[in-house]
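Inside the fold
The lines below spell out each chain.
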Amino acid sequence: MDGKKVQERAAWGASDGGGGNLVQDAVDYRGCRADKSSTGGWVAAALALGIELCERLSTMGIAVNLVTYLTGTMHLPSAAAANVVTDFMGTSFLLCLLGGFLADSFLGRYLTIAIFALVQAIGTGLLAMSTELRQLRPPPCGPGAAGPCEQATGLQMGVLYVCLYLIALGTGGLKSSVSGFGTDQFDERDARERAAMGLFFNRFFFFISVGTLLAVTVLVYVQDHVGRSWAYGICAGAMLVAIAVFLSGTRRYRYKRSSGSPIVHILQVLVAAARKRNIVKQPLTASALYEDRPEHARIPHTAQFPCLDRAAVMAGDSDNEVGHDGRPTPNPWKLCSVSRVEEVKMVARLMPVWATTILFWTIYAQMITFSVEQATTMDRRMGGFEIPAASLTVFFVGAIMLTLAFYDRVFVPLCRSLVTGRQGFTNLEKIGIGLVLSIIGMAAAAICEKKRLAVAATSGGAGHGSLPISVFMLTPQFLLVGAGEAFIYTGQLDFFITRSPKSMKTMSTGLFLTTLSLGFFLSSALVSLVKSCTQWLGDTINHSRLDYFYWLLAVLSVVNLVAYLVCAMWATAPASSQAEQPQSAMATDEKC
């Protein structure tokens, strides 16, 4: 859609008076104001959720079993294989910022989702081909092989990296837009639709969990017993079907107009404030600052971060530039409105909580790397069936789904009946619970690994056979960290979307997802650092002291939890010191 034409038609619709059935800030596929009766709602949101389900199916189906492919087929050392997986996942989530920037600045969420979903499908298809070609993997080796196993060559790893990072590009591009595009299908000014939007976040995470569940069960089984190329081909085909379904809803969707790049807006405030750092000395009041928005669209001035208020100080003609009509107009790199400054302050308030949630995802990374490696050495038989090592993460996903179901169906109604007005935990409380569960999970993992190593030492478990210890010993760490993810993911998503400016919704989702990215990268850095400084992480897991590494993560997490509690108390400071949020955000913080 042509941006100028969309704005003209939307403006025409507004001047026409519209009606109660028209959405004020959304247009349809023709660029006219969206009609509630024929656009948006659950049908449109559900079509977008199909893309998210298939994205999780592909990304997690690859990630949870990739470490076994790297160690067993490509013959990489244990620590190196773990780093490949965490770097792949970290890059996937880091690229969410790129996807958010493109969606907010140029493409819009609809086109961003369609384009990058296709990129991911192409990458997954190429990965299926690369795992099928014998020339792209080293010769097989086993217990009876003569000499050491031959590692994959640079060319073979290079092809694998191209496929993986093409998938990462697709994942990052679409992931930050799906949740935002889904919420675009509901009108926040309509009480009924606003309530439906509140349910959307839970169903969005449910679809993520369903996709992950299918990945760690059905897809992992296909990889281990039919072939990886078949499994990856299924992922590519499923994504193509999801794209077709998504595009079929083009006439049904509501589209929000872009208000420009939020990154540029943030930079404008920072530059304007820096330029006037020596001009303004006295305390500033709202009446002395520049504002160009209508009354209903303004964000009230706050006293926090007074250095940023300088961007809204009027310095006369030096703030102006010649506009398109030849008249002087404010230069946004020299003068910003109070509302624009407050938007930047809102983003700044997110950062302490953002920083203290990164370590959780470092712990999460262990569940799809070292924990899967642990499972490969243990007895995985259940009757006459041998469970694929990567399928142990079904306990992880099961814990997420059970925790969400218990919270929504049991805890929230109980909380509501016991105390009037209480709707459950606040987003910050959910994050704190997730961090506590991750600490307990790492302690359980360390204890289990010590037991496994003791069995390996007594049974001479240095070969390729499984140890006489049940793989179900790993269940507690999967259940604890999985329950922790259920709390921290929904808490973070709620926190970042409800406390960020409306114009930066996609970027705030990308900001939240960068905590996952940095958590994976931090895992890679810690593994490399520990491997270089200690003997804890050897080439094989049976010749390592992984339990020491797990205890290190548990101790770091305790320190991080203390820091988080300080940041959470700051984030819940009295309302007089914080910007007024949208009503939905304020309602969130009035929970128990």
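Report follows, based on the coordinates. Values in this document were obtained by computation on a predicted structure and should not be read as measured data. (Residues numbered from 1 in each chain as written. Predicted model: local features only at pLDDT ≥ 70, side-chain atom pairs only at ≥ 80, totals over all residues. Heavy atoms only, no water.)

In this section: the packing of helix 13 (residues 394-418) against helix 15 (residues 475-498). At a closest axis distance of 7 Å, the pairing of helix 13 and helix 15 adopts a crossing angle of 50°. Judged by the inter-axis angle, helix 13 sits oblique to helix 15. The interaxial crossing formed by helix 13 with helix 15 has right-handed handedness. Residues Phe395, Phe396, Ala399, Ile400, Thr403, Leu404 and Tyr407 of helix 13 form the contact with helix 15, whose own contacting residues are Thr475, Phe478, Leu479, Val481, Gly482, Ala483, Glu485, Ala486, Phe487 and Thr490. When the residues that make up the contact of helix 13 with helix 15 are grouped by side-chain class, the tally is 12 nonpolar, 4 polar and 1 charged. (Axes fitted to C-alpha atoms, helices over the stretch in contact; angles between N-to-C directions. Helix = DSSP H or I, 4+ residues; strand = E, 2+ residues; numbered from the N terminus. Parallel < 35°, antiparallel > 145°, perpendicular 65-115°, else oblique. Left-handed = near helix turned anticlockwise from the far one by under 90°. Contact = heavy atoms within 4.5 Å. Nonpolar A, V, L, I, M, F, W, Y, C, P; charged D, E, K, R; others polar.)

Quick look at the packing of aromatic side chains now. Within the structure shown, the criterion is met by 31 aromatic pairs. Chaining the aromatic ring pairs together yields one cluster made of Phe93, Phe360, Trp361, Tyr364, Phe396, Tyr489, Phe495, Phe496, Phe512 and Phe520. The ring of Tyr548 carries Arg545 above its face, with NZ or CZ at 4.2 Å from the centroid. (Phe/Tyr/Trp six-rings, centres within 6.5 Å; stacked < 30°, edge-to-face > 60°. Lys NZ or Arg CZ within 6 Å of the ring centre and 35° of its normal.)

Next up on the list: the environment of Lys531. By the element assignment, Lys531 lies in helix 16 (residues 505-533). Placed 13 residues apart in sequence, Lys531 and Ser544 show a C-alpha to C-alpha distance of 9.9 Å. Excluding residues that lie within four positions of it along the chain, Lys531 makes contacts with Ala79, Leu537, Gly538 and Asp539.

Here we come to the side chain of Lys345. Residue placement: Lys345 occurs in helix 10 (residues 338-356). With residues near it in sequence (within four places) discarded, Lys345 still touches His301, Thr302, Gln304, Phe305, Leu308 and Asp309.

So, about helix 13. For helix 13, with 25 residues, the first-to-last C-alpha span of 34 Å sits near the 36 Å given by 1.5 Å per residue. Buried within helix 13 are the following residues: Phe396, Val397, Ala399, Ile400, Thr403, Leu404, Tyr407, Val412 and Cys415. (Expected span 1.5 Å × (residues − 1). Buried < 20%, exposed > 50% of the residue type's maximum accessible area, 1.4 Å probe, protein only.)

Between two packed helices, both the angle of their axes relative to each other and the distance between the axes serve to describe the pair. One way to put it is that helix 14 (residues 427-458) packs onto helix 15 with a least axis distance of 7 Å and a crossing angle of 155°. One element, helix 14, and the other, helix 15, form an angle in the roughly antiparallel class. The interaxial crossing formed by helix 14 with helix 15 has left-handed handedness. Classifying every residue of the contact of helix 14 with helix 15 by side-chain character gives 16 nonpolar, 9 polar and 2 charged.

On to unusual backbone geometry, then. A positive phi angle, close to 60°, is found at His75, a residue other than glycine. As for its position among the elements, His75 is in the loop between helix 2 (41-72) and helix 3 (78-94). Not every positive phi belongs to a glycine, and Phe305 is a case in point at roughly 50°. On the secondary structure map, Phe305 appears in the loop between helix 8 (262-275) and helix 9 (306-309). Relative accessible area serves as the criterion here: at 26%, Phe305 is assigned to the partly exposed category.

Let's shift gears to a nonpolar patch on the surface. On the surface, Ile263, Val264, Leu267, Leu270, Val271 and Trp333 cluster together into a nonpolar patch covering about 430 Å² of accessible area. Structurally, Leu270 can be placed in helix 8. (Patch = residues over 30% accessible without salt bridge, like charges linked within 9 Å, V, L, I, M, F, W, Y side chains within 5 Å. Areas by Shrake-Rupley, 256 points an atom, 1.4 Å probe, with all protein chains shown as cover. Salt bridge = Lys/Arg side-chain N within 4 Å of Asp/Glu carboxyl O.)

For the rest of this paragraph, the subject is the environment of Ala375. Among the secondary structure elements, Ala375 is positioned in helix 12 (residues 370-376). Residues Ala375 and Ser466, 91 residues apart in the sequence, show an inter-C-alpha distance of 9.1 Å.

The next point concerns the nonpolar core. Within the largest apolar cluster, 135 residues are counted, with the highest numbers of intra-cluster contacts made by Ile51, Leu70, Phe246, Ile368, Tyr489 and Phe549. Every residue in contact with Phe549, bar those within four places of it in the chain, is listed here: Gln366, Phe370, Leu526, Val527, Val530, Trp536 and Leu537. Ranked by size, the runner-up nonpolar core spans 16 residues in total, among them Val269, Val338, Val347 and Met504. (Core = buried A, V, L, I, M, F, W, Y, C linked by side-chain atoms within 4.5 Å.)

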